[in-house]
Amino acid sequence: MSAPAAPLSAAPAERHAASIITGAAPARQRNWLFGIEVLRGIAALTVVFHHSWSLGTTPRFRGYWLVEGFGTWGVSLFFVLSGFLLADHFWGERQPGRLRSFYTRRVFRIAPAYYLNVALLFLFFAEHQLLFSSQGAKQVLANATFTQHLFPETASNLNVNGVLWTLTIEMILYLVMPLLSLATRITRGWAVVAMIGIGLGYRLFVARAGSGLQDFYFAEGFPDHMARLFLARQFVGILPLFAVGIGLKWLVTQHDLRLPTRVVTALPRSILIFMLLVPSLLALVFIERATNYTHWVWFTGFEFLLGLLFVPALLACSSSVTQPVTAVDRPFVWLGVRSYGLYLWHFPIILAVYGRGPLIAPPDVSPAAVKIGIVLLLSLSAAALSWALVERPAQAIGRGWALRGRSWPRTHQRPA
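Colleague: An account of the packing of aromatic side chains is requested, with residue identities and associated values reported.
Modeller: Taken as a whole and assessed by the stated rule, the structure comprises 18 aromatic pairs. Between Trp73 and Phe310 the ring centres are 5.5 Å apart and the planes differ by 85°, which places this aromatic pair in the edge-to-face class. Linking Trp73 in helix H4 (residues 70-86) with Phe310 in the loop between helix H16 (296-309) and helix H17 (311-318), this pair joins segments that are 237 residues apart in sequence. As far as the burial class goes, Trp73 and Phe310 line up, both buried. Each ring, one from Tyr114 and one from Phe146, has its centre 4.2 Å from the other, and the planes form 25°; the classification is stacked. Here Tyr114, found in helix H5 (residues 98-124), pairs with Phe146, found in the loop between helix H7 (134-144) and helix H8 (165-186); they are 32 residues apart in sequence, far enough to count as distant. A single burial state applies to Tyr114 and to Phe146, both of which are buried. Within the aromatic cluster, the residues linked to one another by ring pairs are Phe79, Trp165, Phe235 and Phe242. The side chain of Arg203 reaches across the aromatic face of Phe299, ending 5.6 Å from its centre.

As structure tokens, this is what we get:
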């Protein structure tokens, strides 16, 4: 979520993107790469479609693996984007207040909308008998500190929003990104190989020898495949995805890695990105094996494989070749700017539209087409309101605090 966000985050690019969508002139020109917003928009939409499928009772159909894998696909793309967009913050010349500026911007990007989301859902959607109990107190503390996904007993978020686990991972990334970034610079990129090895080694351990770790975290009788997936999707297991983004950013900035200009300009950027993402979508045929630890090869490396398959599309997005934002691009740029809000709010909206409370399963999703349409309309509306009323004002405050006592050169204005 820099996913839901960070996968899930953005900064000056969003102001520039918003000015293009609304027709207002930006304060000054920046090297804004609108393809990044297109990728964010696509990632957010795929997660919405996945949850519209997975929270309903729609029967399987030929090719069901595509929709069933959309959630993993979209979240993985968000994580790669986070690594890519934040990696070079500490690669330039040392400047006073750089660390403070980094953390201030990150907190003001993620926290305000997140806390509003959690507060409203806990007060009006969660079961109050559970909320006002010792378990509820633990849950509130965990969500207040972004640690909800570290422990199984708080990972459910009182059953009101199943996407908040990624915010734990994103916040841990923010905490360690200065170290990852500096290690990459000092080793001239070779630290990325170590990150990948550590992450894949951990996932292999979970698949092949994680029984002790599973017994420590989970009560007897908890489904094995769910327990192992929870363990694999801790920060260390996600590290290879961040490493793909960090390593690609190193190659782009230090070795001028890019797609040929004739490829980047052959089609509207959105269409080119869709075409370059096709191989990663076709890889979702293996999604069931990738979520079952008994298929240990896929369990270990599938999400890393997705990260590698995202690279061509991300290279197309990172090209600074001048290209106009076409009518095809505009909807996805609009979505990308508001992708964090869309990611945060769509899950509880699906629960509400489907009539699926914490204790209601299966839900009533008929007529499915109508309800999915309502989900999309309400989710996009919530994302627009979140951006206009919470995220954009909060970012303005964060930028003001971050810039106190220092002056940022224009070269540091980037989508992050």
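Alright, that's what it looks like, and here's the rest.
Colleague: Go over the packing of H5 against helix H19 (residues 339-354) with me, naming the residues and quoting the values.
Modeller: For the pair H5 and H19, interaxial distance at closest approach is 10 Å and the crossing angle is 15°. For the element pair H5 / H19, the angle class is roughly parallel. Seen from above, H5 lies across H19 with right-handed handedness. Facing H5, whose interface residues are Arg109, Ile110, Ala113, Tyr114, Leu116, Asn117, Leu120 and Leu121, H19 presents Tyr340, Leu344, Trp345 and Pro348. A class-by-class count of the residues in the contact of H5 with H19 yields ten nonpolar, one polar and one charged.

Colleague: Outline a nonpolar patch on the surface, listing residues and values.
Modeller: A cluster of nonpolar residues, Leu116, Leu120, Leu123, Phe124 and Phe125, forms a patch on the protein surface that exposes about 490 Å² of accessible area. Locating Leu123 in the fold gives a position in helix H5. For Leu123, a relative accessible area of 45% gives the class partly exposed.

Colleague: I'd like a description of unusual backbone geometry, backed by residues and values.
Modeller: The phi dihedral of Asn157 is positive, around 55°, even though this residue is not glycine. Mapped onto the elements of the fold, Asn157 is located in the loop between H7 and H8. Classification of Asn157 by relative accessible area gives buried; the value is 0%. Positive phi values are uncommon outside glycine, yet Asn159 reaches one of about 65°. Looking at the element boundaries, Asn159 is found in the loop between H7 and H8. By relative accessible area, which is 38% here, Asn159 ends up partly exposed.

Thresholds applied
Residues numbered from 1 in each chain as written. Predicted model: local features only at pLDDT ≥ 70, side-chain atom pairs only at ≥ 80, totals over all residues. Heavy atoms only, no water. Phe/Tyr/Trp six-rings, centres within 6.5 Å; stacked < 30°, edge-to-face > 60°. Helix = DSSP H or I, 4+ residues; strand = E, 2+ residues; numbered from the N terminus. Buried < 20%, exposed > 50% of the residue type's maximum accessible area, 1.4 Å probe, protein only. Lys NZ or Arg CZ within 6 Å of the ring centre and 35° of its normal. Axes fitted to C-alpha atoms, helices over the stretch in contact; angles between N-to-C directions. Parallel < 35°, antiparallel > 145°, perpendicular 65-115°, else oblique. Left-handed = near helix turned anticlockwise from the far one by under 90°. Contact = heavy atoms within 4.5 Å. Nonpolar A, V, L, I, M, F, W, Y, C, P; charged D, E, K, R; others polar. Patch = residues over 30% accessible without salt bridge, like charges linked within 9 Å, V, L, I, M, F, W, Y side chains within 5 Å. Areas by Shrake-Rupley, 256 points an atom, 1.4 Å probe, with all protein chains shown as cover. Salt bridge = Lys/Arg side-chain N within 4 Å of Asp/Glu carboxyl O.

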